[in-house]
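The primary structure of each chain is shown beneath.
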Amino acid sequence: MKHQRLCRIARWVGGLLLLSGCASVPPTHYYTFQPVLGIEIKTTSPRYPSTIAIEAYEAESPYQQDRIVFRKSPYEVNFYEYHRWLRPPTELVTEQVHKLLGASGLFQRVHTYNFDSTPDYLLRGRILLFDQWYDDKNSSVQIGIHYQFLDFAQEQILWSDVIETTASIPTLNIVETVKGFESAVQENISQAFTSIDKVLAHKE
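Not measured: the values here are computed from a predicted model.

## Looking at the overall build of the protein
- Per the secondary structure count, the protein includes three helices and nine strands.
- The linear arrangement of helices and strands in the protein, starting from the amino end, is α-β-β-β-β-β-α-β-β-β-β-α.
- Residues classed as buried in the protein amount to 38% of the 204 residues present.
- Here the protein displays about 12200 Å² of accessible surface, and carbon together with sulfur accounts for 52% of that area.

Written out as structure tokens, the structure is:
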């Protein structure tokens, strides 16, 4: 009888400890890029009277999920446990490409690629780097994207390149880090558009 009472007390104490442990778990915070603001929407004739479709971007394995990656060396991949992307980087980058390309005035029509699409051109990409790097004093963001720009009808790659961009982070504050990601991503995409423009200008 005494043994049974001790067992019940032990289970009760264990339950309290479990509840106490659960109560102390920090909340998970989610982050995303702000809507693309301050970008002038081109209302004049497009530079190229063509349509372009954007294929959903792919990514290396660390960037296929919502956890934010940080590194202290090239050999170690770390994840923030309670700071996560609202959506995986593949979706964030694809959305940025779509919005920025639509506002660029380069093409007559920009749309999402599907198997029924017959665009003039196709743009696809793969995220190779999407990391925060830091030491005790400095922090930065590094973005690397492999782009492919294709003539859809000819199934010909007109341009392919890896573009890497960085952004310095003034503090280790996670919101400042997210802003750095956003800045580096937009700069990366902008450089890709400049290359595509040069390819088409030479083609015509």
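From this point, the discussion proceeds with the structure in view.
## What to know about the nonpolar core
- Within the largest apolar cluster, 45 residues are counted, with the highest numbers of intra-cluster contacts made by W85, F107, L123, F130, Y147 and F149.
- Top contributing element to this core by residue count: helix α3 (residues 174–203), with ten residues.
- In this structure F149 touches I52, F107, Y121, L122, L123, Q156, I157, L158, W159, I196 and L200, once residues within four positions along its chain are discounted.

## Let's talk about the confidence of the model for the protein
- With 84% of its residues at a pLDDT of 70 or more, the protein shows a mean pLDDT of 87.
- Per-element mean pLDDT across the protein ranges from 46 in helix α1 (residues 2–23) up to 98 in strand β3 (residues 58–59).
- Every residue in residues 12–21 scores below 50 in pLDDT, and together they form zero contacts with partners more than four places removed in sequence or on other chains.

## Here we look at the packing of aromatic side chains
- This structure, assessed with the given rule, holds 13 aromatic pairs.
- Ring pairs connect the aromatic residues F33, W85, F130 and F181, which therefore count as one cluster.
- Positioned above the aromatic ring of F79 is the side chain of R67, whose terminal nitrogen or guanidinium carbon lies 4.0 Å from the ring centre.

## Brief notes about the pattern of salt bridges
- Counted under the stated rule, the structure contains eleven salt bridges.
- The salt bridge involving R124 is made with E55; its shortest N-O contact spans 3.0 Å. One end of the pair, R124, is in strand β7 (residues 121–134); the other, E55, is in the loop between β2 (48–54) and β3, with 69 residues separating them in the sequence.
- Put simply, D66 and R84 hold a salt bridge, and the shortest N to O gap is 3.1 Å. Of this pair, D66 sits in the loop between β3 and β4 (67–73) while R84 sits in strand β5 (residues 76–85), and the two are 18 residues apart along the sequence.
- Under the relative-accessibility criterion, D66 is labelled partly exposed at 23%.

## A closer look at α3
- Taking 1.5 Å as the rise per residue, α3 with 30 residues should run 44 Å; its terminal C-alpha atoms sit 44 Å apart, in good agreement.
- Between a side-chain oxygen at the N-terminus of α3 and the backbone nitrogen of V175 the separation is 2.8 Å; the capping residue is N173.

## Details of the side chain of N188
- Inspection of the secondary structure puts N188 in helix α3.
- Engagement of the side chain of N188 in a polar contact is seen with the side chain of Y147, the distance being 2.7 Å.
- Excluding residues that lie within four positions of it along the chain, N188 makes contacts with I143, G144, I145, Y147, I163, E164 and T165.

## Some points on the pairing of β4
- The pairing of β4 with β5 spans four bridges and is antiparallel. The partner of S73 across the bridge, within β5, is E76.
- Between β4 and the antiparallel strand that follows it, β5, lie two residues.
- Where β4 lies against β7, three bridges are found, and the strand directions are parallel. Residue pairing in the sheet places F70 in a bridge with Q132 of β7.

## Re the packing of helix α2 (residues 89–104) against α3
- Where α2 meets α3, the closest approach of the two axes is 10 Å, and the angle between their N-to-C directions is 50°. Classed by the angle they form, the pair α2 and α3 counts as oblique. When the axes of α2 and α3 are compared, the crossing they make is right-handed. For the pair α2 and α3, the contacting residues are V93, Q96, V97, L100 and L101 in the first and V185, Q186, I189 and F193 in the second.
- The residue makeup of the contact of α2 with α3, split by class, is seven nonpolar, two polar and no charged.

What counts and how
Residues numbered from 1 in each chain as written. Predicted model: local features only at pLDDT ≥ 70, side-chain atom pairs only at ≥ 80, totals over all residues. Heavy atoms only, no water. Helix = DSSP H or I, 4+ residues; strand = E, 2+ residues; numbered from the N terminus. Buried < 20%, exposed > 50% of the residue type's maximum accessible area, 1.4 Å probe, protein only. Areas by Shrake-Rupley, 256 points an atom, 1.4 Å probe, with all protein chains shown as cover. Core = buried A, V, L, I, M, F, W, Y, C linked by side-chain atoms within 4.5 Å. Contact = heavy atoms within 4.5 Å. pLDDT = per-residue confidence, 0-100. Phe/Tyr/Trp six-rings, centres within 6.5 Å; stacked < 30°, edge-to-face > 60°. Lys NZ or Arg CZ within 6 Å of the ring centre and 35° of its normal. Salt bridge = Lys/Arg side-chain N within 4 Å of Asp/Glu carboxyl O. Expected span 1.5 Å × (residues − 1). Polar contact = N/O pair within 3.5 Å; in protein donor to acceptor, adjacent residues only side chain to side chain. Pairing = 2+ DSSP bridges. Axes fitted to C-alpha atoms, helices over the stretch in contact; angles between N-to-C directions. Parallel < 35°, antiparallel > 145°, perpendicular 65-115°, else oblique. Left-handed = near helix turned anticlockwise from the far one by under 90°. Nonpolar A, V, L, I, M, F, W, Y, C, P; charged D, E, K, R; others polar.

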